[in-house]
Amino acid sequence: IYGVASMIYNDEHADFLRTGTTTVRRVSNVEPAQEGGWTADMSPVYGPVLGPFPLRQTALDAEIEYLKNLLF
């Protein structure tokens, strides 16, 4: 049986991903912003650049929230 599953990667999924042929691809980039802080570039999924955020973790949280709304 073949199918497509989309998920936000987490190391807890590692065993599941070893059960068959999988492809993991990056769909965003969290990077330092030129003006300071951090941005989440969602252009790989045709989205906006989120931020800047003062903390990297805040940018990561915004990235995950954006992807959850996109995927689910």
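Parameters and conventions
- Residues numbered from 1 in each chain as written.
- Predicted model: local features only at pLDDT ≥ 70, side-chain atom pairs only at ≥ 80, totals over all residues.
- Heavy atoms only, no water.
- Phe/Tyr/Trp six-rings, centres within 6.5 Å; stacked < 30°, edge-to-face > 60°.
- Lys NZ or Arg CZ within 6 Å of the ring centre and 35° of its normal.
- Pairing = 2+ DSSP bridges.
- Helix = DSSP H or I, 4+ residues; strand = E, 2+ residues; numbered from the N terminus.
- Axes fitted to C-alpha atoms, helices over the stretch in contact; angles between N-to-C directions.

*Asks:* What exactly am I supposed to notice about the packing of aromatic side chains here?
*Replies:* Both the distance between ring centres and the angle between the ring planes are used here to describe each pair of aromatic rings. The tally for this structure, following the rule as stated, stands at 0 aromatic pairs. Taking NZ or CZ as reference, R56 lies 6.0 Å from the ring centre of W38, over its face.

*Asks:* Got a minute to help me understand the sheet that holds strand β3 (residues 49–53) in this structure?
*Replies:* By way of backbone hydrogen bonds, the strands of a sheet pair with one another, either parallel or antiparallel. Strand order in the open sheet formed by 3 strands is β1-β2-β3, with antiparallel pairing between adjacent strands. If you trace the sheet from one side to the other, it starts and ends with β1 (29–32) and β3, each paired once. Strand-to-strand twist of the sheet, defined as the mean angle between neighbouring strand axes without regard to direction, takes the value 20°. Sheet topology note: the β1/strand β2 (residues 38–41) ladder contains 4 bridges and is antiparallel. The residue of β2 that forms the bridge with N29 is D41.

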